[in-house]
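# Working through the structure, step by step
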Number of protein chains: 2
Amino acid sequence: MNQSDDPAPIPRKRNPRGVTMEAVGRMAGVSQVTVSRALSDPSKVSPETMARIREAIAVTGFVPNALAGALASRRSMMVSALVPSITNIVYATMLAPFSDELKSRGYQILLSETGFDPEEEAATVEAHLSRRPDAMLLTGVHHAARTRRMLLGADLPVVEVWDITETPIDLCVGFSHAASGRAVAEFAHGAGYRQAAGICAGDERAQRRLSAFAERFGTLSGTDVPVARTERGNLASGRALLTQLIDKRGFTGGVVACSSDVLAQGVLIEAAARGLSVPRDLAVVGFGDQELADAVEPALTTVRVNREALGRAAAQALLTRIDGATPSRSVIDVGFTLIRRASA
Amino acid sequence: MNQSDDPAPIPRKRNPRGVTMEAVGRMAGVSQVTVSRALSDPSKVSPETMARIREAIAVTGFVPNALAGALASRRSMMVSALVPSITNIVYATMLAPFSDELKSRGYQILLSETGFDPEEEAATVEAHLSRRPDAMLLTGVHHAARTRRMLLGADLPVVEVWDITETPIDLCVGFSHAASGRAVAEFAHGAGYRQAAGICAGDERAQRRLSAFAERFGTLSGTDVPVARTERGNLASGRALLTQLIDKRGFTGGVVACSSDVLAQGVLIEAAARGLSVPRDLAVVGFGDQELADAVEPALTTVRVNREALGRAAAQALLTRIDGATPSRSVIDVGFTLIRRASA
DNA sequence: TTGTAGGCGTTATCAT
DNA sequence: ATGATAACGCCTACAA
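Computed from a predicted structure; not experimentally measured. (Residues numbered from 1 in each chain as written. Chains lettered and ligands numbered in written order. Predicted model: local features only at pLDDT ≥ 70, side-chain atom pairs only at ≥ 80, totals over all residues. Heavy atoms only, no water.)

Take the domain arrangement of chain A next. Its domain assignment divides chain A into domain 1 (12-64), domain 2 (76-175 + 307-335) and domain 3 (177-304). Taking only C-alpha atoms into account, the centre of domain 1 of chain A sits 36 Å from that of domain 2 of chain A. (Domains from an automatic or database assignment.)

Structure (structure tokens):
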């Protein structure tokens, strides 16, 4: 009686382990849909039913499957964030408020490092798109053609941050790196410095800042402005580059513009080690206004970018688009401020 | 003829936009399944078919839907990583190799900050579990009971890092914070220092390091070891806490153990500002051996934890479990090394 | 307030 | 080498 008369297909779960809404519903004496409703909008379910469902969820330890939900609803409730490097505090500090803002609306962040290579970025974008994020943040405004194509084809809200362009893929929140470099040059020249040098590490944006500084200061003062470059933007690089400027490139004093506060601090340390007085023998300007700028000795003159506001604005812009609205402006320039302290 | 005789359901796609394997297959003259196979294992498809499918993919800009794939295969190819803070370089630097290692095997990282509150962590764990990650990394070994319950119920590979326990949820890669604190105490006492103080910021683990230091040094020297605490572990805090130790707690010299290199650098800066010579008037020991440790003046004596190796080992351990194998050890102590430089 | 039916875009399992 | 069919677990209509 067991083997013979049962050609009827017995629907068998492939994985009997995972608790589903179906199972919760069975235990609570309701259908799967009711469980779904109970979770998405409790007001649509009677209090008694709600109580039984809660009980069943507690007993079974049910955790909804967001993958299935995303597939059915076509909303993954995930937002991709692509930054050059996680370990770079500059990106990390704008990511935190960005993430906070979105988390409060129920979104999870899918984060990846892209390095500084556009092709690597393109590959990462593709990997992210396969996860069907509801929106995406990109760092910078220069991308591979394929990246633009994929994003336009995917038709999702995209915000490009930490730089600015008139022709964003979709939205843009940032500031002009060239303008910040020029602002430093004008400040330094106005403060009376007649000689200058630059110290630069990192990505193409840092180079744009320093190039703009060198060009502007050169124009104002009529002198040549040497710029020393390196890969890694750490304290040791700052020290090494100041050494290079002084010992090998004949820099004898004036103002040193650095592409980051950390490099600038390296310069301060090397200057102290050489018995140079800052800003008397050597003035120093950083970039970023990180926490350390205010704590070093002497305190660092630097360029502040409100990274908190930037991250938050980027999140808001995306949320507006997600909600189907059109943001008032698709390009937001958050600007920058020169903070004068003791070092220059 | 339009209205009346057509009760037959016309299957209509809800969203005609998204390119699917179905659409690619149609264009290539094959079925949807063949497209799936072409992507997952090209060797199972004839070269000609493969070529036509490739062509169709290029033309349509098809990007596979990983959500659907995950739902069907029960493997999301995502790994969750939960750290207290993204902006803390300590966690970021172990996350990078962790992420690299997993990315090379096709996994994406789903990253979240948990803060330092176990309840917040529990909520984050739940949110992540709903995404059905294939494995999870947690920071620390102290979790809410509900967290343990959820994770045990979810039955996935879990690695706890940056601390060590004999009873991990699943896997553990870390080191003993108490032991590192004692090691610093023994080093300092052995180096001849007879007075000591501590400076501590941050999470419970930092406090455990400093408590162990204070207790051990106290035992060895028979003196009292004051420990100053604060919330934020930045340069300014380091300066402020040294001030507090000297001006308000009668600390007159000896060795200062800090819970991070950044705090230690703050101490160096404040000491210099006060005209104190390091290590003569004041010796300083940091923790973490961050890049700056070697670049400050004087170079910082500190405790090195190989965060790179830690992140990599955590990834490897998870991969082993994902592959269904049993790791040789479920608890890996990566240890620490005291790096003696000029500051103590 | 609750349930039924159909579909989201894949992968797994059998067939052919 | 290729295809048909049934899940995967949920959400969106629509019906009761």
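A few words now on the protein's contact with DNA strand C. Close to DNA strand C lie 27 residues; Val33, Thr34 and Thr49 of chain A together with Gln32 and Ser36 of chain B are nearest. Backbone atoms, meaning sugar and phosphate, make up 65% of the atoms of DNA strand C lying within 4 Å of the protein. One of the side-chain nitrogen or oxygen atoms of Thr49 of chain A is found 2.3 Å away from a phosphate oxygen of DNA strand C. Put simply, the parts of the chain that give the surface near DNA strand C at least two residues each are helix 2 (32-40) and helix 4 (66-73) of chain A together with helix 2 (32-40) and helix 4 (66-73) of chain B. By residue class, the composition of the surface near DNA strand C is eleven nonpolar, ten polar and six charged. (Near = heavy atom within 4 Å. Polar contact = N/O pair within 3.5 Å; in protein donor to acceptor, adjacent residues only side chain to side chain. Helix = DSSP H or I, 4+ residues; strand = E, 2+ residues; numbered from the N terminus. Nonpolar A, V, L, I, M, F, W, Y, C, P; charged D, E, K, R; others polar.)

Glancing now at the environment of Thr34 of chain A. All names here are of chain A. The topology assignment puts Thr34 in helix 2. Judged by its relative accessible area of 16%, Thr34 falls in the buried class. For Thr34 and Lys44, which are ten residues apart along the polypeptide, the C-alpha to C-alpha distance reads 8.9 Å. (Buried < 20%, exposed > 50% of the residue type's maximum accessible area, 1.4 Å probe, protein only.)

UniProt tags residues 19-73 of chain A as "domain: HTH lacI-type" (unreviewed entry). Summarising residues 19-73 of chain A: 71% helix, 0% strand, and an end-to-end C-alpha distance of 20 Å. (UniProt positions renumbered as here; feature names shortened; annotations may be inferred.)

Further remarks concern the pairing of strand 7 (residues 227-230) of chain B. Residues and elements named next belong to chain B. As paired elements, strand 6 (residues 196-201) and strand 7 share four bridges and run parallel to each other. Among the inter-strand pairings, Gly198 is bridged to a residue of strand 7, identified as Val227. In this fold, strand 6 hands off to helix 9 (residues 204-221), which returns the chain to strand 7; that crossover is right-handed. (Pairing = 2+ DSSP bridges. Right-handed = clockwise from strand over helix to strand, strands pointing away.)

Turning our attention to the relation of the copies chain A and chain B. At an RMSD of 0.1 Å, chain A and chain B line up after a rotation of 180 degrees and a shift of 0.0 Å along the axis. In the structure described here, the two chain copies are related by an operation that fits a two-fold rotation axis. Comparing interface residues between copies, 100% of those in chain A also lie at the interface in chain B; the contact surface is shared. (Least-squares fit on C-alpha atoms with pLDDT ≥ 70 in both. Contact = heavy atoms within 4.5 Å.)

All right, on to the side chain of Thr302 of chain A then. Residue and element names in this part refer to chain A. Inspection of the secondary structure puts Thr302 in strand 10 (residues 302-304). One polar contact links the side chain of Thr302 to the main-chain amide nitrogen of Gly288, over a distance of 3.4 Å. Only 3.4 Å separates the side chain of Thr302 from the backbone nitrogen of Asp289, close enough to count as a polar contact. Those residues in contact with Thr302, other than ones at most four positions away along the chain, are Asp261, Val285, Gly286, Phe287, Gly288, Asp289, Ala293, Thr337, Leu338, Ile339 and Arg341.

With respect to the element layout, Gln290 of chain B can be found in the loop between strand 9 (282-285) and strand 10 (302-304). If sequence neighbours within four positions are ignored, Gln290 of chain B has contacts with Ile89, Val90, Asp261, Val262 and Arg307 of chain B.

What follows is about the interface of chain A and chain B. Taken residue by residue, the interface counts 48 residues in chain A and 49 residues in chain B. Contact with chain B buries surface across chain A, with Leu67, Gln108 and Arg131 of chain A losing the most and accounting together for 16% of the total. Run the count over chain A and chain B and you get four salt bridges. We note a salt bridge from Arg232 of chain B to Glu291 of chain A, for which the minimum N-O separation is 2.2 Å. Inspection of the chain A/chain B interface yields 20 residue pairs in polar contact (both at pLDDT 80 or more). The set of elements that each furnish at least two residues to the side of chain A that touches chain B consists of helix 4, helix 5 (89-103), strand 2 (108-113), helix 6 (118-130), helix 10 (235-248) and helix 11 (261-273) of chain A. (Buried area = accessible area lost by both parts, 1.4 Å probe. Salt bridge = Lys/Arg side-chain N within 4 Å of Asp/Glu carboxyl O.)

Under the criterion given, the structure shown has eight aromatic pairs over all chains. Measuring from ring centre to ring centre gives 6.4 Å for Tyr91 of chain B and Trp162 of chain B, while their planes differ by 75 degrees; the resulting arrangement is edge-to-face. Separated by 71 residues along the polypeptide, Tyr91 of chain B in helix 5 (residues 89-103) and Trp162 of chain B in the loop between strand 4 (158-161) and strand 5 (171-174) bring together distant segments of the chain. Taking the relative accessible area as the measure of exposure, Tyr91 of chain B reaches 2% and is therefore buried. Trp162 of chain B gets classed as buried once you look at its relative accessible area, which sits at 4%. Three or more aromatic residues link up through ring pairs in this structure, and these residues are Tyr91, Trp162, Phe175 and Phe287 of chain A. For Arg209 of chain A, the ring lying beneath its charged end belongs to Phe287 of chain A, and the centroid distance is 3.8 Å. (Phe/Tyr/Trp six-rings, centres within 6.5 Å; stacked < 30°, edge-to-face > 60°. Lys NZ or Arg CZ within 6 Å of the ring centre and 35° of its normal.)

An ideal rise of 1.5 Å per residue puts 20 Å on 14 residues; helix 10 of chain A measures up with 19 Å between its terminal C-alpha atoms. For helix 10 of chain A, the complete set of buried residues consists of Leu235, Ser237, Gly238, Arg239, Leu241, Leu242 and Leu245 of chain A. Looking at the buried residues of helix 10 of chain A, the elements they touch are strand 6 (196-201), strand 7 (227-230), strand 8 (254-258), helix 11 and strand 9 (282-285) of chain A together with helix 11 (261-273) of chain B. Taken from the residues just after helix 10 of chain A, Gly250 of chain A is the one with a positive phi, measuring 65 degrees. (Expected span 1.5 Å × (residues − 1).)

All names here are of chain A. Note the cis peptide between Val278 and Pro279, where omega equals 5 degrees. Relative to the helices and strands, Pro279 is located in the loop between helix 11 and strand 9. A cis amide bond, omega -5 degrees, links Glu297 with the succeeding residue Pro298. Of note, the phi angle at Arg74 is positive, near 65 degrees, even though the residue is not glycine.

In this section: helix 12 (residues 307-322) of chain A. Residue and element names in this part refer to chain A. Taking 1.5 Å per residue, 16 residues should reach 22 Å; helix 12 reaches 22 Å between its end C-alpha atoms and fits that length. In this structure, the buried residues of helix 12 make contact with strand 1 (78-83), helix 5, strand 3 (135-139), strand 4 (158-161) and strand 5 (171-174). Remark: Gly324 follows helix 12 within two positions and exhibits a positive phi of approximately 85 degrees.

Let us look at the state of the cysteines. In this structure the tally under the stated criterion is zero disulfides over all chains. In this structure Cys200 of chain A is not part of a disulfide, and its nearest cysteine sulfur, from Cys258 of chain A, lies 9.9 Å away. (Disulfide = S-S within 2.5 Å.)

Glancing now at the nonpolar core. In summary, soluble globular proteins display a tendency toward joint burial of nonpolar side chains. Among the nonpolar cores identified, the biggest contains 101 residues, and Phe98 and Trp162 of chain A together with Phe98 and Trp162 of chain B are the most heavily contacted of them. Considering each element in turn, this core owes the most residues, seven residues, to helix 12 (residues 307-322) of chain B. Discounting residues that sit within four places of it in the chain, Phe98 of chain B has contacts with Val79, Ala81, Ile109, Leu137, Gly311, Arg312, Ala314, Ala315 and Leu318 of chain B. Core analysis: the second largest hydrophobic core is formed by 51 residues, Val267 of chain A together with Leu241, Leu263 and Ala293 of chain B among them. (Core = buried A, V, L, I, M, F, W, Y, C linked by side-chain atoms within 4.5 Å.)

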